[in-house]
Amino acid sequence: MPGKPKLYYFCGRGRMESIRWLLAAAGVEFEESFLETRDDLLKLEKSGALLFQQVPMVEMDGMKMVQTRAILSYIAAKHNLYGKDLKERVLIDMYVEALMDLDELLMRHPFQPADKREQDLANIVDKATNRYFPVYEKVLKNHGQDFLVGNQLSKADVLLLEALLMAEECKPDILAKFPLLQSFKARISNVPTIKKFLQPGSQRKPPIEEKDIPKVMKIFNVAQ
Ligand code: GSN
């Protein structure tokens, strides 16, 4: 019996959070090893575990996997969250790549200098409501199914729900003009594995707190 996947990252969302979401949605239990200091990252690097000297890294099925998108695709393919044919798969990837672009904006937001946060938030809300959400609203309308692609859950549904909830944290009424995204949110939140992940005490991570920002910046050696 292979062991549980082990996730190496800091104890926060960042790029690992979508991987946590997808594993949880697939009903896969996982363990986590949290980087607390830059030294922890350097040690991991020196051990040869990080192909490109970066995390996220997931030890799974006898491999040390890196690159967020590659890891997400592996989990999706392994757990039947990647459509039924190549055309469904490319649609799922198209929807997911756009969500990754939006996630990147959301992920970087708390790390913006204080005097740029308001402008940054306005840009996020603009992109979410004018570029991304109208597309998913239309897809749901035209497709007429419970899910974005085909008639079964895929990594696109999981990552869309994650993005919707993060966007609502930025602006609670951000879904006001998107009735189908609101019902999608309620429906996908009710998938049993996801429902469990949304409950307190799960491995889902909260938004980063102001006090933890310098620590994370030190681990990754980034200047603000
Ligand atoms: O998606 C990916 O996994 C990669 N294309 C990017 C991973 C990455 O940028 N990792 C950063 C941490 S910030 N977000 O997760 C990282 O490991 N930086 C350390 C370094 O020395 O570059």
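Computed from a predicted model, the values in this text were never measured in an experiment.

## Details of the nonpolar core
By size, the foremost hydrophobic cluster in this structure holds 71 residues, and its most contacted members are Ile19, Phe133, Tyr136, Leu148 and Leu181. For this core, the element with the highest residue contribution is helix H6 (residues 155-170), accounting for ten residues. Excluding its chain neighbours within four sequence positions, the residues that come into contact with isoleucine 19 are Leu7, Pro56, Val58, Thr68, Ile71, Leu72 and Ile75.

## Brief notes about empty space enclosed by the protein
For the structure shown, the criterion picks out one cavity of 30 Å³ or more. Estimated volume of the largest cavity: approximately 40 Å³. Considering the residues around the largest cavity, the lining is formed by Arg13, Glu17, Trp21, Glu162, Leu165, Met166, Glu169 and Arg204. Going through the elements one at a time, helix H1 (17-25) and H6 are the ones with two or more residues in the lining of the largest cavity. Among the elements that line the lining of the largest cavity, the one with the most residues is H6, at four residues.

What counts, and where the lines are drawn
- Residues numbered from 1 in each chain as written.
- Predicted model: local features only at pLDDT ≥ 70, side-chain atom pairs only at ≥ 80, totals over all residues.
- Heavy atoms only, no water.
- Core = buried A, V, L, I, M, F, W, Y, C linked by side-chain atoms within 4.5 Å.
- Buried < 20%, exposed > 50% of the residue type's maximum accessible area, 1.4 Å probe, protein only.
- Helix = DSSP H or I, 4+ residues; strand = E, 2+ residues; numbered from the N terminus.
- Contact = heavy atoms within 4.5 Å.
- 1 Å grid on protein atoms, 1.4 Å probe; cavity = no way out; pocket = protein on both sides within 12 Å on 5 of 7 lines; lining within 4 Å.
- Points joined across faces, edges and corners; volume = space filled by probe spheres on them.

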